[in-house]
Amino acid sequence: MFQHVVAIVSGGASGLGAATASYLVRHGARVVVADLPRAYDSFLKLEEDVIAGAAGGSSVGDSGGASIKFASTDVTKEDDVSMALTIAEDEFGEQVNVAVNCAGIAPARRMLSQKVESDGTVSHRLHSLEEFSTTMNVNTVGSFNVARLAADRMARRSTDRDGLRGCIINTASVAAYDGQIGQVAYAASKGGIVGMTLPMARDLAPMGIRVMTIAPGLFMTPLLQNLPEKVHKQLVNNVPCPSRFGNPVEYAKLVGSIINIPYLNGEVIRLDGALRMPP
Ligand SMILES: NC(=O)c1ccc[n+]([C@@H]2O[C@H](COP(=O)([O-])OP(=O)(O)OC[C@H]3O[C@@H](n4cnc5c(N)ncnc54)[C@H](O)[C@@H]3O)[C@@H](O)[C@H]2O)c1
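- An unreviewed UniProt entry annotates the protein as 3-hydroxyacyl-CoA dehydrogenase type-2 of Discostella pseudostelligera.
- Here the protein is described in UniProt, under the heading Sequence similarities (unreviewed entry), as follows: "Belongs to the short-chain dehydrogenases/reductases (SDR) family."

Pasting the structure below:
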């Protein structure tokens, strides 16, 4: 299904990115997982699972190992992302035609929080500028960095029958629309990704490069796995139908559909079971 795909998946060692890398490789793609050095052990486990056909997939055998590579990458660094794209070219013999942005962080911090002590005194904690900037830098600037450098490589490819050279898929969040208490930085960073989608698609149209964004709702990944059972139940109660967490493979399948449907371009797709987050 994806024999023609050479992809870079940022944040591909965990969660939605790992599900995507695994899904694409199991269906014939060649993928570079671009993630932080500390994610290398998770990548090795992913590689093992892909080769063994774990998580319900069919085994791709040793060829799976040859089709999935790790590039130690901080998405905010130009040199790291360029190197990851060069690894794709060197390992797979052609430039990438798919870039999936899954790297992200999700800090929870109110802009200004207030604590009333037992003696009635009130103290305040202010959101640091540094935490806001870091979130914007990883989520928004990092996505732009991967997209722009990948677009430059895609532009060197020849076109397909539709005049297309490649496809960039970003990951926003429903927080871009319904940011909750404590999500001011995260929501701003994801709103930036939503806002980039159409102008990026327009900028890259002359080169035959499409740009799409997925805005996931609640997916069971390490981002949420560590929350207590009680919180899981409360969160799921907000999801109308189907009333459960999203399965990362559902995200991966949407990536696959976007790759396979050339007429999808310049749009954000919510993937959230009709969830609208409460405050
Ligand atoms: N899980 C959800 O419910 C959910 C919902 C909405 C949006 N999202 C978004 O989906 C994306 C993936 O989330 P996830 O749940 O899979 O999270 P995750 O924590 O499982 O995976 C994120 C990956 O990004 C990597 N990463 C972090 N900073 C990086 C950097 N500077 N450079 C390179 N890699 C970096 C991490 O090492 C990790 O492997 C994120 O952008 C997140 O905001 C997730």
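Structure's up, so let's keep going.
## A look at helix H1 (residues 15–26)
Turning to step 1, where the next piece is worked out: End to end, H1 covers 17 Å across twelve residues, agreeing with the expected 16 Å (1.5 Å per residue, within 8%).
Turning to step 2, where the next piece is worked out: Counting buried residues along H1, twelve of its twelve residues qualify, which places the element largely inside the surrounding structure.
Turning to step 3, where the next piece is worked out: The complete set of buried residues in H1 reads Gly 15, Leu 16, Gly 17, Ala 18, Ala 19, Thr 20, Ala 21, Ser 22, Tyr 23, Leu 24, Val 25 and Arg 26.
Turning to step 4, where the next piece is worked out: One or two residues past the end of H1 sits Gly 28, with phi positive at roughly 105 degrees.

## A closer look at the packing of aromatic side chains
Turning to step 1, where the next piece is worked out: Across all of its chains, the model carries four aromatic pairs by this definition.
Turning to step 2, where the next piece is worked out: Ring pairs connect the aromatic residues Tyr 40, Phe 43 and Phe 70, which therefore count as one cluster.

## Here we look at the sheet that holds strand S9 (residues 267–271)
Turning to step 1, where the next piece is worked out: The strand order S3-S2-S1-S4-S7-S8-S9 describes an open sheet built from seven strands, whose pairing is parallel. Among the strands making up the open sheet, the edge pair consists of strand S3 (68–72) and S9. Going across the sheet, the axis of each strand differs from the next one's by a mean of 20 degrees, ignoring polarity.
Turning to step 2, where the next piece is worked out: In terms of strand pairing, strand S1 (residues 6–10) meets strand S4 (residues 98–101) through four bridges, oriented parallel. Paired with Ile 8 across the strands is Ala 99, a residue of S4.
Turning to step 3, where the next piece is worked out: Where helix H4 (residues 78–92) meets the sheet, its contacts fall on S1, strand S2 (30–35) and S3, and the angle it forms with S2 comes to roughly 160 degrees.

## Some details on the site of the ligand
Turning to step 1, where the next piece is worked out: Taken together, 26 residues form the shell around the ligand, and within it Ser 14, Asp 35, Tyr 186, Phe 219 and Thr 221 come nearest.
Turning to step 2, where the next piece is worked out: Between the ligand and Val 75 there is a distance of 3.0 Å, counted from a nitrogen atom to a backbone nitrogen or oxygen.
Turning to step 3, where the next piece is worked out: Relative to its unbound accessible area of 820 Å², the ligand is 92% covered by the protein chains.
Turning to step 4, where the next piece is worked out: For the shell around the ligand, the secondary-structure elements that each account for two or more residues are H1, helix H6 (184–204) and helix H7 (222–225).
Turning to step 5, where the next piece is worked out: The element best represented in the shell around the ligand is H7, accounting for three residues.
Turning to step 6, where the next piece is worked out: Residues belonging to the shell around the ligand are distributed by class as follows: 14 nonpolar, nine polar and three charged.

## Points about the pairing of strand S5 (residues 112–116)
Turning to step 1, where the next piece is worked out: For S5, the buried fraction is low: zero of the five residues fall into the buried class.
Turning to step 2, where the next piece is worked out: In this structure, S5 lies alongside strand S6 (residues 122–126), joined through five bridges in antiparallel fashion. Bridge pairing in S6 links Gln 114 to His 124.
Turning to step 3, where the next piece is worked out: Hairpin connection from S5 to S6: five residues lie between these consecutive antiparallel strands, with Gly 120 at a positive phi of about 90 degrees.

Thresholds applied
- Residues numbered from 1 in each chain as written.
- Predicted model: local features only at pLDDT ≥ 70, side-chain atom pairs only at ≥ 80, totals over all residues.
- Heavy atoms only, no water.
- UniProt positions renumbered as here; feature names shortened; annotations may be inferred.
- Helix = DSSP H or I, 4+ residues; strand = E, 2+ residues; numbered from the N terminus.
- Expected span 1.5 Å × (residues − 1).
- Buried < 20%, exposed > 50% of the residue type's maximum accessible area, 1.4 Å probe, protein only.
- Phe/Tyr/Trp six-rings, centres within 6.5 Å; stacked < 30°, edge-to-face > 60°.
- Pairing = 2+ DSSP bridges.
- Axes fitted to C-alpha atoms, helices over the stretch in contact; angles between N-to-C directions.
- Contact = heavy atoms within 4.5 Å.
- Near = heavy atom within 4 Å.
- Polar contact = N/O pair within 3.5 Å; in protein donor to acceptor, adjacent residues only side chain to side chain.
- Areas by Shrake-Rupley, 256 points an atom, 1.4 Å probe, with all protein chains shown as cover.
- Nonpolar A, V, L, I, M, F, W, Y, C, P; charged D, E, K, R; others polar.

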